Amino acid sequence: MSHVELSNIVKRFPGVTALKGISFDVRDGEFFVLLGPTGAGKTTTLRIIAGLTKQDEGTIRFDGESVDALTPAERDTAFVFQQYSLYPTMTVFDNLAFPLRAPSRRLPEDEIRKRVEVTAEKLRISHLLDRKTAHLSGGEMQRVSIGRAIVREPRIFLMDEPLSNLDAKLREALRVELQHLQKVEGSTTLFVTHDQIEALTMADRIAVLDLGRIRQIGTPEDIYDRPADTFVAQLVGTPRINLFPARRENNHLYIEGSELHLPAPTLDLPERFTLGIRPEDITPSPDGAFAGTLQITEPLGVETILHIRSGERTLQSLIPGMTDLRIGDTVRFDLVQDRLHCFDLDGKRIN
Amino acid sequence: MATIELQKVEKRFGDFQAVKPMDLTIHDGEFVVLLGPSGCGKTTTLRMISGLEAVTSGTILLDGRNVTWLHPSERDIAFVFQLYALYPHISVRDNIAFPLRAQGESKETIEKRVKEVVDLLQIGHLLDARPGKLSGGDQQRVALARALVRRPAAFLMDEPLGALDADFRESMRAEIKQLHIDQHATTVYVTHDQVEAMAMGDRIVVMSDAEIQQIGTPSEVYYKPANVFVARFIGSPGMNLARGHYSEGRVRLKGQNNVYAVPDDWQQALGKALGGSGDVLVGFRPEAARISADGPIAGEVYATELQGAYVMLYININEDEIIHIRAERIHQHQIGDTVRFDIDPRMVRFFDPASERAITREAAQ
Amino acid sequence: MATFYETGPGYPVTESIRVDRVSPTARRIHAVRAFVVLVFAIITLIPVFVMGITAFKSRADVVSVPPKIIFKPTLEGFVFLFTERAVVSKVRLPEFQKKAEAGELSLFERIALNTGQEITGPSDYVDRLKNSLIIAGISTILSVGLGLFAAYAFSRFPIGGKDDLLFFILSTRMLPPVVVTIPLFLMYRQLGLHDSHLGMILLYTVFNLSLSVWLLKGFIDEIPIEYEEAALVDGYTRFQAFYKIVLPQAVTGIAATTVFCLIFAWNEYAFALMLTSDDARTAPPSIATMLGRGGIEWSAIAAGSLGFLIPVVIVTFALRNYLLRGVTFGAIRR
């Protein structure tokens with residue numbers, strides 16, 4: 001296991017700079033998630049660490065030593081791809097054994113058999129060992145892919161959206177297993193995803209990446225509770241955070257385009273800024289301080305999303321369970337004052 | 001506006017039974033969602049309603065009119081596809097006007113009706129663009145506009161949000177629902193995503209293995225699932241189903257020393273359904289579990305997940321059963337910790353493991 | 001279950017997707033289609049059939065008008081094909097006839113005798129066939145092998161001026177071979193490659209390379225690069241990844257390309273006619289110029305062509321499963 005450190009990585013492709021100076025480190029035994037939308041540079045970062053792509057500037061160190069000159073094989077990382085990485089012409093066993101049979105390792109065949117069997121046991125794919133991979137289901141294939149990564153005990157696991165091609169139920173199940181396995185084995189993992197739920201649920205720490213720059217690095221709690229800017233705030237949380245242009249006047253906050261206003265928090269706020277409210281912090285109650293018209297309800301079972309209209313603004317509120325409120329009703333609600341988020345006009349968080 | 005009625009509608013492809021004979025009535029102005037995993041027959045059902053697929057047997061009535069053997073274009077319905085199906089070589093305006101031109105409407109009428117739907121969906125700024133240049137969400141808006149412009153008796157939508165990014169999907173979900181609230185057009189909507197179904201549907205038709213498992217409002221399918229399939233399928237994660245043995249007012253759960261005392265108002269129903277005692281599945285939603293030091297059920301933490309405003313705990317109650325508990329974020333748990341919890345008596349459900357059907361109190365009375 | 005996304009809302013749907021409803025019509029269409037294919041196959045096979053029967057006709061039957069479908073088969077053509085003969089002088093004829101009666105003559109000698117000839121030695125047909133096999137075989141292996149590496153590089157590496165290079169490679173195929181035969185003839189004479197196996201192998205290899213690079217690049221493009229990258233990370237070198245991962249998956253394409261290259265090199269006529277005379281002469285020009293002493297030996301030509309067909313038929317037949325998938329260029333999902 002190891003400590004991986006990226007300093008100031010720059011990667012240019014013809015016409016675009018994919019990474020504009022990325023620095024972060026993945027600590028020993030950590031589950032680190034790179035979160036960002038498509039085109040943020042997540043996969044490029046991963047490929048550079050694996051040695052599949054060469055960076056233009058910057059250094060990558062494994063345990064303090066630069067690996068920039070090493071080939072992918074010499075770096076001893078394991079890469080789990082989004083899809084396609086199982087060899088269709090081989091059985092599951094041969095797929096799992098493949099990295100162990102690499103000429104740089106050349107383990108004896110009985111040692112290989114032992115390690116493959118232990119790994120298969122861990123991932124509950126022992127019954128599939130003799131099958132050709134082409135006949136497996138999506139979930140089974142991805143288990144085998146993960147198995148091929150863990151079978152050789154690499155220095156770091158690099159996972160490129162391994163769950164994104166699976167259906168919702170399967171994704172959930174594999175997510176939990178992956179997390180459990182990582183914690184129990186204490187393996188260092190760098191996991192790339194565009195799915196904020198995966199990031200929040202699995203990570204020890206998250207780096208939010210956008211357009212080749214890191215927006216924020218922190219624990220899931222940091223990212224969710226104290227987003228560094230409006231981009232991060234919108235990226236995490238379902239339903240999305242409510243963001244409204246607001247102004248400060250006489251110690252009051254006014255949300256533009258609606259009648260909503262509230263006492264200003266003890267913050268050094270500029271005159272104009274953006275106010276962010278998480279949906280769960282808008283709590284309907286019969287004697288709430290604010291009012292709006294119920295526009296839509298979306299019952300999800302465990303909770304319900306209310307779309308509350310005030311002036312020309314629509315607030316999304318998330319309440320537990322179901323509601324008997326009807327569309328068109330007037331809804332009174334409160335805001336959780338100490339959980340409001342304020343951002344300046346450039347989108348930066350105001351603390 | 002229209003009522004759609006399916007009577008013993010069935011579809012076979014050779015030996016393969018795609019849809020077993022089903023009865024379903026969709027009321028005027030209703031938003032009905034056909035929900036199920038892929039291959040359950042929901043899309044085939046929708047396509048039979050549209051006429052794109054011929055029924056093997058049975059009758060389809062549209063406002064009492066038998067349309068079983070009518071051509072799709074004669075049924076007065078609009079179909080919205082997952083992949084937008086916009087014509088790439090003509091502008092958005094022409095795409096929307098296309099069905100009207102096909103009907104031979106006058107130029108003025110076309111212009112007026114296109115303007116109406118364009119205003120409704122707020123896509124006026126896109127009219128001169130080519131569909132290929134638009135984002136997924138905008139393309140789907142245009143596709144909706146093209147469906148709306150005909151003023152059909154009913155809308156059929158086949159996973160219209162399936163191809164969109166998660167972000168768009170959420171906002172389009174609300175938009176389509178708003179559109180439905182404004183227009184009140186009879187809508188049949190197919191999806192495999194239970195969140196979408198719950199959020200949008202007036203009623204949900206849960207399908208699996210080519211047949212209907214349950215028809216009900218979102219709250220009915222969520223709180224009173226008719227069988228094990230529905231219980232698992234609805235909710236994210238689905239309902240916890242713990243195996244146990246019932247006798248004398250208690251369920252002894254498999255593994256460890258977990259004994260759950262059945263609420264009084266359930267004992268009669270359970271006794272009757274199981275003939276005194278027998279194996280039973282105890283079902284409860286993740287939010288129905290209450291963590292407390294003296295809870296009757298114990299398990300080990302297998303994994304924990306931060307899910308925004310709350311934490312999801314995965315608890316191993318015996319070697320092969322993991323249940324989900326939704327907890328407040330103040331609860332901090334490490335993998336391997338033992339957690340005790342109770343179940344909210346109002347939210348517990350029971351299932352017969354043999355038939356996989358729900359045991360109901362109504363049946364016992 | 002067919003998925004059908006083409007139709008816009010309310011746009012009329014073609015009847016053809018209701019296969020279950022219109023099956024009698026569908027069946028009729030199917031029958032018509034089968035009939036058309038059959039007719040086409042017959043038309044294509046007629047020359048082969050004529051060649052086949054001609055090989056077994058006697059001299060008289062070959063030239064008879066109208067051509068005979070029913071005739072007395074003879075191996076005359078094959079005797080003429082495989083042997084050099086001389087007219088038996090009147091003096092020695094009785095001696096031969098005696099031998100024939102005593103059963104001391106072989107089958108071929110007896111047939112030759114029936115036409116009044118004696119066998120003086122073997123013809124060069126077998127040598128020509130051997131030349132064809134050597135030249136076509138080696139050049140095919142070379143062009144597919146080299147093409148595979150080139151195609152892999154074109155498919156996987158960022159090569160400067162890739163598109164221009166690919167076009168350039170293909171452009172070697174744009175001229176009809178005849179146009180370059182004269183310059184080639186002069187070049188080969190200077191280089192001492194004229195009428196040599198090496199010369200012909202080189203020529204066919206170069207000529208086939210463009211085809212094989214283009215075909216194989218298409219096949220390799222279809223193999224997801226993730227497979228190799230996974231192997232690279234797993235501790236294999238680029239070549240090992242190519243050998244262990246790409247090759248097994250490219251088998252279909254390699255087989256298809258092999259057959260195409262082989263057929264070209266095997267059948268090539270113009271170059272062979274100009275650039276070879278004896279040592280390296282291949283079968284096509286030699287069969288076509290098989291003029292016997294008594295004019296054109298049609299039955300021998302037919303018999304020679306028949307024998308010439310066999311190797312290609314065998315190879316194509318052996319690879320037919322790959323071919324069917326290969327020639328559709330991946331249009332059919334694996």
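About the cut-offs
Residues numbered from 1 in each chain as written. Chains lettered and ligands numbered in written order. Predicted model: local features only at pLDDT ≥ 70, side-chain atom pairs only at ≥ 80, totals over all residues. Helix = DSSP H or I, 4+ residues; strand = E, 2+ residues; numbered from the N terminus. Buried ≥ 20, exposed ≤ 12 C-beta atoms within 10 Å, placed from the backbone. Contact = placed C-beta atoms within 7 Å. Nonpolar A, V, L, I, M, F, W, Y, C, P; charged D, E, K, R; others polar. Axes fitted to C-alpha atoms, helices over the stretch in contact; angles between N-to-C directions. Parallel < 35°, antiparallel > 145°, perpendicular 65-115°, else oblique. Left-handed = near helix turned anticlockwise from the far one by under 90°. Domains from an automatic or database assignment. Pairing = 2+ DSSP bridges. Core = buried A, V, L, I, M, F, W, Y, C linked by C-beta atoms within 7 Å. Expected span 1.5 Å × (residues − 1).

### Details of the overall build of chain B
Link 1 in the chain: Counting secondary structure elements, chain B contains 10 helices and 21 strands.
Link 2 in the chain: Along the first, second and third principal axes, the C-alpha set of chain B runs to 75 × 45 × 35 Å.
Link 3 in the chain: Sorting the 365 residues of chain B into buried and exposed places 47% on the buried side.
Link 4 in the chain: Taking all contacts inside chain B whose residues are at least 6 apart in sequence as the whole, residues at least 24 apart take part in 66%.

### Focus: the interface of chain B and chain A
Link 1 in the chain: The interface is formed by 28 residues belonging to chain B together with 26 residues belonging to chain A.
Link 2 in the chain: Elements with a minimum of two residues in the side of chain B that touches chain A: α5 (166-183), α6 (194-200), α7 (218-223) and β16 (297-307) of chain B.
Link 3 in the chain: Each residue belonging to the side of chain B that touches chain A can be placed in one class, and the counts come to 15 nonpolar, 6 polar and 7 charged.

### Here we look at the packing of helix α5 (residues 138-150) of chain A against helix α6 (residues 168-185) of chain A
All names here are of chain A.
Link 1 in the chain: At a minimum axis separation of 11 Å, α5 and α6 run at an interaxial angle of 20°. In terms of axis orientation, α5 runs roughly parallel to α6. The way α5 lies across α6 gives a crossing that is right-handed. Contacts between α5 and α6 involve G138, G139, Q142 and I146 on the former and, on the latter, L170, L174 and L178.
Link 2 in the chain: For the contact of α5 with α6, the class distribution of residues is 4 nonpolar, 3 polar and no charged.

### Some points on the domain arrangement of chain B
Residue and element names in this part refer to chain B.
Link 1 in the chain: Entries for chain B in the domain assignment read domain 1 (4-232) and domain 2 (237-364).
Link 2 in the chain: Taking only C-alpha atoms into account, the centre of domain 1 sits 38 Å from that of domain 2.
Link 3 in the chain: The partner domain 2 presents 9 residues to the 6 residues of domain 1 that form the contact.
Link 4 in the chain: Among the residues making up the side of domain 1 that touches domain 2, the classes are represented as 4 nonpolar, 1 polar and 1 charged.

### A few points about helix α10 (residues 226-233) of chain C
Link 1 in the chain: Burial analysis of α10(C) places 7 of its 8 residues in the buried class, the great majority of the element.
Link 2 in the chain: Buried residues of α10(C): C:Y227, C:E228, C:E229, C:A230, C:A231, C:L232 and C:V233, and no others.
Link 3 in the chain: Looking at the packing, one finds that the buried side of α10(C) touches α1 (42-50), α2 (72-75) and β6 (77-80) of chain A together with α11 (238-249) of chain C.
Link 4 in the chain: At the exit of α10(C) stands C:G235, carrying a positive phi of roughly 110°.

### A word on the pairing of strand β1 (residues 4-13) of chain B
All names here are of chain B.
Link 1 in the chain: Where β1 and strand β4 (residues 57-62) come together, 5 bridges link them in antiparallel fashion. By the bridge assignment, L6 is partnered in β4 with I60.
Link 2 in the chain: Alignment of β1 against strand β2 (residues 16-26), held across 7 bridges, turns out to be antiparallel. Among the inter-strand pairings, E5 is bridged to a residue of β2, identified as T25.
Link 3 in the chain: The antiparallel hairpin formed by β1 and β2 contains 2 residues in its connecting segment, where G14 sits at a positive phi of about 60°.

### Quick notes on the nonpolar core
Link 1 in the chain: A:L158, A:L190 and B:V188 are the most contacted members of the largest nonpolar core, which totals 247 residues.
Link 2 in the chain: At 12 residues, the largest contribution of residues to this core is made by helix α9 (residues 197-221) of chain C.
Link 3 in the chain: Not counting residues up to four positions away in its chain, the partners in contact with A:L190 are A:V26, A:F32, A:L34, A:L46, A:I49, A:I156, A:F157 and A:L158.
Link 4 in the chain: Within the second largest apolar cluster, 19 residues are counted, among which are C:V62, C:F78, C:L81 and C:M290.

### Focus: the environment of C:L146
Residue and element names in this part refer to chain C.
Link 1 in the chain: On the secondary structure map, L146 appears in helix α6 (residues 125-156).
Link 2 in the chain: On the basis of neighbour count, L146 is assigned to the partly exposed category, with 16 C-beta atoms found within 10 Å.
Link 3 in the chain: With 67 residues separating them in the primary sequence, L146 and V213 have C-alpha atoms 8.3 Å apart.

### Points about helix α4 (residues 136-148) of chain B
In an α-helix, one full turn covers 3.6 residues, which means residues spaced three or four apart are oriented alike.
Residue and element names in this part refer to chain B.
Link 1 in the chain: Look at α4: 18 Å from first C-alpha to last across 13 residues, which is about the 18 Å you get at 1.5 Å a residue.
Link 2 in the chain: Most of α4 sits out of view: 11 of its 13 residues are buried.
Link 3 in the chain: The complete set of buried residues in α4 reads D138, Q139, Q140, R141, V142, A143, L144, A145, R146, A147 and L148.
Link 4 in the chain: The inward-facing, buried residues of α4 contact β6 (77-80), α2 (92-102), α3 (107-121), β7 (154-158) and α5.

### Notes on the sheet that holds strand β19 (residues 330-335) of chain A
Link 1 in the chain: With respect to topology, 5 strands assemble into an open sheet ordered β15-β19-β16-β17-β18 (chain A), the strand pairing being antiparallel. Taken across any chain shown, the strands that pair with only one partner, and hence form the sheet edges, are β15 (282-284) and β18 (313-320) of chain A. Mean inter-strand twist for the sheet, computed between neighbouring axes without regard to direction, equals 50°.
Link 2 in the chain: The pairing of β15(A) with β19(A) spans 3 bridges and is classified as antiparallel. Bridging across to β19(A), A:I282 finds its partner in A:L335.
Link 3 in the chain: On top of the sheet, α5(B) reaches β16 (290-299) and β17 (303-310) of chain A; it is set at about 100° to β16(A), its chief contact.

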